[in-house]
Each structure stands twice: as structure tokens, then as C-alpha cells.
Amino acid sequence: MKLQEKVGARSVRLALAVLAGSTLFAGQASAQDDQQPIQKVEITGSAIKRINVEGALPVQRLSSEQIAKTGANSVADLIQALPSMQGFTVAAIAAGTNSGGRVSASIHDIGESYTLVLLNGRRIAPQGSGSAINLNAIPMSAVERVEILTDGASALYGSDAIAGVINFILKKNLQGGSIEGTFSQPGKSSAGDSSNFSATYGFGDLDENRYNVLLSVRHDEQSQLKATDRSFANTSFRPFSWNGNNYIWDRSSTSSIPGNVNATYRDGRPNNATSTIAFNPYFNANGNCGPMQLPSYNNTATAQNCGFDSTSTIEIVPQSRRDSVFGKVTWRATDSIEVFAEAAYSRMDLTARIAPNATSITIAKGSNLYNNYVRPYLTAAQDANLTSSTANYRTYDWGTRDSQTITESKNFVIGAEGDIGAWNFGTGLTWSQNSIDERYVGGYQKNAEFRSMLANNQFNPFLAVGQQSAATKALIANSIYNGSIREASTTLKGIDARASRELIKLPAGAAQIAFGGDYRNYHYEQTPNATSSDIYGFSASPAYDMERNNYGVFSELNVPVVKSFEVTAAARYDTIEAVKNHLANREMGKKESASTYKVSARWQPTQSFLLRGSYGTGFKAPSMLDIGQPLVAAGFTARSYPCPVNLAAENSAYCRPGVAQYNVISGGNENLKPEKSKQYTVGFRFEPTSSWYVQADLWDVKIRDAVSSVSEAQIFDKPDLFRSLFTTFVDPGTGQTLWAKKTLSINIGQTHNQGIDWETSYRQKFGFGTWTNTLNGTYLMKSDYTVPGTASDWTNNMNYFGITDAVSFRHVVRLASTLDTGAFSNSLIVNYRNGYTDASATAYNLATKLNETLRIHVPSHLTIDWQGKWQATKAISLRAGVKNLADRNPPLSLRASSGHQVGYDARYADPMGRTFYMTGNYTF
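I will try to describe carefully the structure that is included in this document. All values reported here derive from a predicted model rather than from experimental measurement.

Cut-off values and rules
- Residues numbered from 1 in each chain as written.
- Predicted model: local features only at pLDDT ≥ 70, side-chain atom pairs only at ≥ 80, totals over all residues.
- Heavy atoms only, no water.
- Patch = residues over 30% accessible without salt bridge, like charges linked within 9 Å, V, L, I, M, F, W, Y side chains within 5 Å.
- Areas by Shrake-Rupley, 256 points an atom, 1.4 Å probe, with all protein chains shown as cover.
- Salt bridge = Lys/Arg side-chain N within 4 Å of Asp/Glu carboxyl O.
- Lys, Arg positive; Asp, Glu negative; His and termini not counted.
- Charge placed at Lys NZ, Arg CZ, Asp CG, Glu CD.
- Helix = DSSP H or I, 4+ residues; strand = E, 2+ residues; numbered from the N terminus.
- Buried < 20%, exposed > 50% of the residue type's maximum accessible area, 1.4 Å probe, protein only.
- Disulfide = S-S within 2.5 Å.

### Regarding a positive patch on the surface
Link 1 in the chain: A cluster of like positive charges, contributed by Lys676, Lys678, Lys702 and Arg704, occupies part of the molecular surface.
Link 2 in the chain: Here Lys676 is to be found in strand β38 (residues 675–689).
Link 3 in the chain: Residue class for Lys676 comes out partly exposed when judged on its relative accessible area of 33%.

See below:
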């Protein structure tokens with residue numbers, strides 16, 4: 001259905017759209033004689049097509065030109081830089097995790113699993129068994145614009161869209177093509193440089209030819225950035241000053257080269273109680289720890305270890321390559337109906353390199369290694385009552401641990417949209433899959449070969465770096481595992497349909513109604529490809545074959561009460577079935593059904609002023625793994641801890657000596673309840689002239705029965721309270737039983753997030769050009785949650801590194817200033833994030849020679865980016881830019897979670913430094 005408006009009003013709207021990405025006045029003009037047609041469009045957050053207006057919901061729109069001016073190299077760079085985004089996953093944490101470089105979005109710090117990401121208004125397959133989308137699956141070269149709804153949309157898109165929606169809208173009906181290439185390089189060195197190349201072409205016009213074919217391809221490359229390339233991140237022995245004192249923060253590892261020894265013996269106490277001592281034979285013999293090591297600053301009277309500088313061996317930005325392609329064929333079947341088929345494919349190849357493998361090696365009593373390196377440093381009583389002896393060794397001669405992850409995203413949609421009579425409709429069939437293949441390609445030992453070396457005394461874990469014999473080096477080269485350790489995939493199959501029409505004519509306008517429904521099947525599979533028989537000390541990934549059906553129906557009604565006031569109401573009913581565990585041949589969890597609703601309103605008493613608000617509910621079922629995951633090995637604690645007193649009293653033989661990292665075991669919970677939310681927004685927009693506007697929206701989201709887990713800091717701080725979250729772990733390398741921490745999914749309690757999104761923009765015309773300034777930000781007022789294990793003990797992460805190992809920032813602000821002067825355009829972007837109180841850390845005071853527990857203040861972080869554009873001809877444009885003009889380093893942080901980087905928090909600051917880039921574009 002076409003509406004009309006005056007030419008002058010339409011021009012004003014188009015100008016405002018360029019200025020602010022949205023318009024206040026659209027849709028105000030009534031039909032007149034000398035008017036031009038305007039198409040109704042579907043806006044993210046509503047199923048009813050209407051003129052592109054500033055509506056009752058806060059929707060931010062980014063055009064392709066606005067995206068280009070940010071200098072973003074990827075979808076993640078674009079989205080994660082927005083002030084309204086907090087709490088997302090960054091690619092850099094692939095250094096030390098199995099994320100594979102996954103990047104996500106999280107609106108308002110509510111969480112990535114509550115933020116719905118859509119491609120052309122439809123869901124795509126998540127990575128893993130939950131709902132979080134890997135933004136690497138989005139083909140950036142094909143993106144026409146992005147619409148971000150910073151308000152819950154559960155009643156329309158599905159019960160889990162609690163935080164909001166990000167809708168990537170791809171190009172359509174394109175004639176002609178473009179070729180673009182970008183090269184980027186940090187100023188400090190070529191390390192960390194990146195490049196991308198894309199080509200897009202379309203032919204056929206839907207209006208003239210009744211068809212259109214579009215194809216877009218892109219290739220990206222990112223080189224590695226090593227920790228040693230940056231002075232602020234290059235060592236595990238991080239020196240710093242605080243309150244006038246000089247400290248060393250020791251993040252070294254007690255798995256060293258030459259190896260440290262743990263010796264456990266019966267100490268004569270009742271019940272065969274044991275004690276453990278730790279020492280380094282090389283240090284005892286030579287008076288020093290050898291290369292890349294120092295005596296650990298965390299040593300105790302019974303643990304005298306050498307600490308290995310593992311940080312100096314890692315990379316802080318992984319190497320990656322990515323290829324993506326998007327194609328779409330559209331056919332106008334009738335004058336009012338279009339049929340389309342679209343396909344998107346991306347493949348990301350990421351290799352993350354971390355420190356050489358930390359390996360436990362049993363040293364048998366009476367062996368040559370024991371007699372030469374262990375017994376000389378034991379008392380006669382310790383030797384006589386010895387129960388076990390283990391070398392904690394760093395396999396440096398095998399090289400760094402290199403993990404290659406191939407991530408493939410595939411998305412196919414066949415659908416139709418258009419008008420049938422008074423109804424506007426859209427429908428589609430979706431098949432989407434996200435799959436990964438995780439491979440070890442360096443640094444891990446083959447089990448049989450490594451054990452053979454130990455059994456035949458062909459390898460000595462107490463020699464320094466590079467001192468193994470030539471024969472041993474040859475054996476080492478032949479004992480490196482290279483192959484896949486696991487494959488996993490999530491497949492989404494779905495069908496959706498919606499229809500809308502005018503319902504009845506009212507004095508203030510036409511009431512409109514929409515109906516719709518969708519069905520989705522999620523299938524999550526994981527196949528382990530390696531076990532401890534293949535890799536020494538390896539804990540195999542579990543096998544999964546889980547499936548679940550989701551389906552729902554919704555309706556939406558828009559009523560113009562009076563000319564200046566309209567109300568929209570939406571309701572939805574969702575059913576999420578129980579998880580079908582095909583390997584166990586049973587269902588897990590329960591079938592859950594719930595109704596959600598949303599009511600919104602906009603009041604525009606004058607052309608320059610708008611009030612808007614909404615209230616709604618949400619409902620989110622736990623992920624399949626949250627419900628069905630068995631207890632599986634999940635790495636180590638982020639920090640080192642002394643053995644809890646109550647665990648030592650139970651069985652001291654399971655304790656690690658001194659201060660050490662403990663194994664982590666994770667699992668699901670079949671008794672999880674669904675999460676439920678209530679949220680509202682209240683906002684305004686004031687636009688007294690075409691040159692200036694200001695807007696703000698207060699948002700509030702409350703969630704109960706939130707699914708999460710108790711953090712390791714809580715568990716080790718109160719081990720008596722959380723005794724049920726400790727278990728034992730059998731080291732697959734040595735067979736030794738040790739205490740371990742459990743991470744279990746639980747309904748952790750309640751959360752309450754609240755804040756204000758605000759924005760103002762001013763445009764000034766001069767004789768030589770136009771100067772536009774847009775300042776926006778998010779002011780966070782609440783980031784509260786109940787402490788796990790309690791019902792009403794509230795805490796928060798506001799400007800504070802909380803027990804969830806994260807920070808919620810009160811102020812995130814962005815200023816964009818652009819001067820357009822004909823063929824030239826210059827833009828400055830200023831990004832600001834306030835300071836915060838850092839994680840609790842233990843550091844060595846160089847003056848007192850004692851360890852102290854402290855929390856430093858991490859200062860605010862401000863960076864400035866510049867970009868210049870030259871439109872050389874109608875077909876050729878060149879962009880050049882500098883990110884982080886002042887070359888500001890990330891602020892010092894003593895956090896010990898979320899990746900292996902030391903000295904800064906990779907989630908909150910970019911380690912690249914001043915970076916130069918250039919982009920060339922040719923359009924034909």
C-alpha cells in the first residue's frame with residue numbers, strides 16, 4: 001500500500017535522516033494533490049508496516065555511510081563500540097579459551113544471551129546450544145543498514161529478546177557493483193596488521209525487469225599480535241606502583257622449565273594424614289631458576305617454586321582469516337508479490353597461540369630422575385614416608401600450544417512478501433547452521449610417544465630450555481599431536497509468517513493489526529575426536545546430540561487514539577519443548593510455555609516534541625547445555641588459591657602445594673526454571689529546528705530466576721558455604737586425584753539493570769561546508785544482582801570488578817564530529833569509558849618484602865579516531881584514518897579472568913595502539 005506526502009516535507013525528512021539516522025516528523029503530512037508516493041516499511045520492533053517514523057520504541061539506525069565513517073573493520077568492531085553495548089564477548093579471549101574467536105553483542109550489560117541478533121529480520125543459528133549469535137556470521141560487505149532496538153521485544157520476535165534486538169538489513173535490488181579494499185597497520189610495528197577486500201555486484205531491476213540478482217564477497221586477514229610486542233602486556237611479573245609503593249604482580253605459572261617438584265608424604269598425624277612440599281631442583285643446585293623464570297613471589301614456607309613467565313610466550317590478538325559470501329535472487333511474481341531466495345556463508349580460520357603445555361609427570365620413587373633430582377632435597381623421614389612425587393613441567397621444547405578453530409556459518413532463506421488485497425504479508429523457510437572444528441596444531445604431546453619417552457628415560461623434565469639431547473629433540477619433533485579434537489554444530493530449521501492490514505478507520509487515522517507465528521527446531525551436536533589415549537594429560541570433550549522445538553504465535557494492534565497520540569499493544573504465546581537427548585534416549589528438563597506482552601505509546605503534542613514509553617514482559621528457557629551438560633573438565637581457575645582449610649582437613653593429599661590454580665569441572669542442571677522479566681522504557685525527543693535535537697530514554701529491566709553460576713572468587717572465599725561446589729579431578733597424565741571446583745548452572749536469583757540512553761546532535765552550515773556533531777552515551781544507574789546462594793543479598797558491578805569477574809560502566813560516551821566540504825569529509829570520533837575499582841589481587845611489596853591483597857583503581861580510558869574521505873570522482877572514493885590518535889595504552893588492570901592476557905583487560909581496551917588504515921572504493 002502506498003501513501004503520499006508533500007515534496008517539501010519529504011526533503012526535510014531525508015535531510016534529517018542523513019543528520020541523525022532517524023526522523024521525528026515523518027508521516028505528519030496528509031495526502032495532497034502535488035504529492036509523491038512513499039512506501040511503507042517494516043521497522044525493527046513492529047510487524048506493522050508504516051512510514052519510517054520516530055516511533056514509540058527507541059530504535060537506532062546506522063546507514064552504510066555512517067558505518068563507513070566509524071572505520072569499523074568488522075561487524076563486531078561496529079556493534080561493540082556503541083555506548084549501549086556492554087558485557088559482550090571479544091575475539092581476543094580466544095587466547096586461552098575455546099571460543100574460537102566468537103564475538104557477540106550485549107545490550108545494556110544485560111547479557112549476550114538476552115540480545116537477539118537478526119539477519120534481514122530473521123533468526124540465524126547460534127554458536128553453541130543457547131541463543132548467543134557469533135557476529136562473525138554476518139556478511140558485513142552486504143550490510144545496507146543496522147537497526148538496534150534497545151528495548152525488549154519478546155512479544156514480537158520471541159520470548160528471549162529481553163534486552164533488545166539488533167537487525168542487520170542487507171542490500172536489495174542493487175544495480176551495478178563496487179570493489180573495496182582496506183589495509184590497517186599499528187604504528188608500533190607491522191605486528192597486528194589487517195586487511196580486507198570485498199566486491200559486490202547486482203543486476204536486474206525489480207520495477208523494470210521484475211528480477212534482481214545480488215552477490216557480495218569479502219576476504220579478511222588479521223595477523224597475530226604477541227604479548228612481547230606490547231610493553232604493557234609482555235610479562236607475568238608485572239611491576240606497578242600504587243599509593244606510593246612499588247609492587248610486583250606475579251601471574252607466573254608453577255609449571256616451569258626446569259620442572260618444579262611436588263612431593264607428598266605421610267607426616268605422622270592420625271588417619272595417615274599427608275603434607276606436601278614443593279621445590280625446584282635446578283634452583284637448589286644452581287641458585288637461580290634458569291631462563292624465563294624467577295622464584296615465585298607467591299612462595300610459602302613449604303612451597304619454593306620457580307615461576308615460569310608464561311605471558312611472554314602468548315599472543316594477545318590471534319591470527320585469523322575469514323571469507324564470506326552473500327547472494328540473493330528476487331523475482332517479482334506479480335505486481336504486488338515478491339519471491340526471494342538468499343544464502344549467506346562465512347568461514348573463519350583462527351589460530352590462537354598460548355604458553356607451552358603445563359604437564360604433570362609422575363616421578364617414580366627409586367627411578368634415576370627421583371634419585372638425582374628429588375631425593376637429595378628430602379629429609380630421611382620424607383623420603384621414607386613418600387606417597388607420590390610429581391614434576392610440574394612446562395613443555396617449552398614442544399613449542400606453544402596452537403589451537404586452530406574453523407568456524408563455518410551457513411544461512412539459507414526462501415520466502416515471499418508483498419500484498420494480497422488489504423493484507424501485507426511475509427513468510428520464509430530458514431535453514432541455518434553454525435559449526436566449528438577445533439584442532440590442535442602445535443605444542444600438545446602424543447600420549448603413547450610421550451609416555452614412551454618417559455618410560456625409557458629419553459627425556460629429562462629437570463633440564464633447562466634447549467638442553468635436551470639431539471636424539472631427544474628428534475623424538476620431540478615426532479611426538480607433537482596434530483589433528484581435530486572436537487567438532488560441534490548448531491542447526492536451526494524454521495518457518496515464519498506474518499500479515500498486517502488496516503483494521504478500521506478512526507477519526508485520528510487507521511487502526512492497524514498484525515498476526516504471525518513461527519516454528520524453530522534447534523539441533524546441537526558435538527563429536528569428540530581425541531581422548532587421553534591420543535594426547536597426554538588431555539580431558540576429552542563430551543559427545544552431545546540434543547534437540548529442541550520452539551514455536552509461538554503473536555498479534556499486534558496499533559490504534560491512533562487522537563492525532564497526536566497512538567497506542568500499540570502486542571502479545572505472544574511461546575512453547576519451548578523439553579530437550580531431547582538422543583544419546584541418552586530420553587528427555588531432559590520440562591516443556592515450558594508462557595505468554596508475554598508489550599504495550600507502547602507515543603504522544604506528539606507538537607511537531608518538535610515527542611514523548612514515548614513502553615512496558616512489557618519476557619520469558620527465557622535455559623539453554624540445552626544449561627539443562628543437559630554432564631560434569632566435564634573445563635580447564636583451570638583463573639587465579640591461584642591456597643587449598644581451602646575444610647578440604648585440607650578432609651583429605652590433604654588432594655591439595656596442591658602452596659598457592660596454585662585448581663581444576664574446574666562444569667555441568668548443567670535439569671531442574672532449572674525459566675527466566676522471567678519485566679521491563680519498561682520512558683523517553684522523549686525534542687527537535688526544535690532541523691539543525692538540532694536532543695533525546696533520552698530511561699530503560700529498566702528486572703529478571704528473576706536468572707541462570708548463571710557461583711564465581712570462583714565466591715567459592716574459594718567461602719569454601720564451607722559452597723562445599724557442594726567442590727569435587728575431585730583425576731589428572732589423566734599422572735592419575736593423581738586432586739580437589740577441583742564445580743561450575744554448575746543454577747537459577748541464581750534476581751537481576752536489575754537500569755539506565756538512560758541519551759543523544760544530542762547539532763548541525764551548522766557554513767559557506768564552505770556542513771559541520772555535524774553528535775554526542776551520545778549510556779548512563780548506567782543500576783547493575784544489581786543477588787549474591788548466589790542468597791535470596792535477597794544484593795550486590796552490583798557498578799564501576800567495580802564484581803564477583804561475576806566483570807565491570808559495569810556508569811558512563812560510556814561517544815562523540816562524532818564530521819565536517820563535509822564538497823568532495824572532502826573529515827570525521828573525529830571520541831570514545832570515553834570511566835574508570836573503576838579493579839579485581840582483588842595479591843601483589844608483592846618490594847619495600848616490605850611481603851604480599852599484600854589490594855584493589856587498584858583503573859583510570860578512565862579515552863581514545864580519539866580520525867578519518868578523512870575524498871570523493872575523487874563519482875565512482876572513486878578514498879578514506880584514510882587513524883585510530884587512537886594519541887596512542888594511549890590500555891590502563892593497567894590486575895584482573896585474572898577472561899583470557900590469558902596480563903596487565904590489561906582485553907574486554908575493555910584495545911592493545912593495538914595508534915593504528916593507520918586506508919580504504920579505497922570503486923563503484924561501477
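And the narrative resumes.
### Brief notes about unusual backbone geometry
Link 1 in the chain: Residue Pro258 is bonded to the preceding Ile257 through a cis peptide linkage, with omega at 0°.
Link 2 in the chain: With respect to the element layout, Pro258 can be found in the loop between β13 (245–250) and β14 (260–266).
Link 3 in the chain: The residue Asn120 is not glycine, and still its phi comes out positive at about 55°.
Link 4 in the chain: On the basis of relative accessibility, which here comes to 21%, the residue Asn120 falls in the partly exposed class.
Link 5 in the chain: Unlike most non-glycine residues, Asn799 shows phi in positive territory, near 50°.

### Concerning the state of the cysteines
Link 1 in the chain: For the structure shown, the criterion picks out two disulfides.
Link 2 in the chain: Across the disulfide, Cys289 is cross-linked to Cys306 (sulfur-sulfur distance 2.1 Å). What sets the handedness of the Cys289 and Cys306 disulfide is the S-S torsion sign, and at about -80° it is left-handed. With Cys289 in the loop between α5 (281–286) and β16 (293–295) and Cys306 in strand β18 (residues 306–308), the pair connects residues that are 17 residues apart, well separated along the chain.
Link 3 in the chain: By relative accessible area, Cys289 is classed as buried at 3%.
Link 4 in the chain: Residue classification places Cys306 among the buried residues on the basis of a relative accessible area of 1%.
Link 5 in the chain: Residue Cys643 pairs covalently with Cys655 via a disulfide, S to S 2.0 Å. Because the torsion about its S-S bond is -50°, the bridge between Cys643 and Cys655 counts as left-handed. A residue pair is termed long-range when its members are at least 10 positions apart, and Cys643 in the loop between β35 (641–642) and α11 (645–650) and Cys655 in the loop between α11 and β36 (659–660) qualify at twelve residues.
Link 6 in the chain: Note on Cys643: relative accessible area 17%, which makes it buried.
Link 7 in the chain: We classify Cys655 as buried; its relative accessible area is 10%.
Link 8 in the chain: Should the bonded cysteines of the protein be numbered as they appear in the sequence, the pairing reads 1-2, 3-4.

So far we have only geometry, and geometry alone does not tell us how the molecule works.
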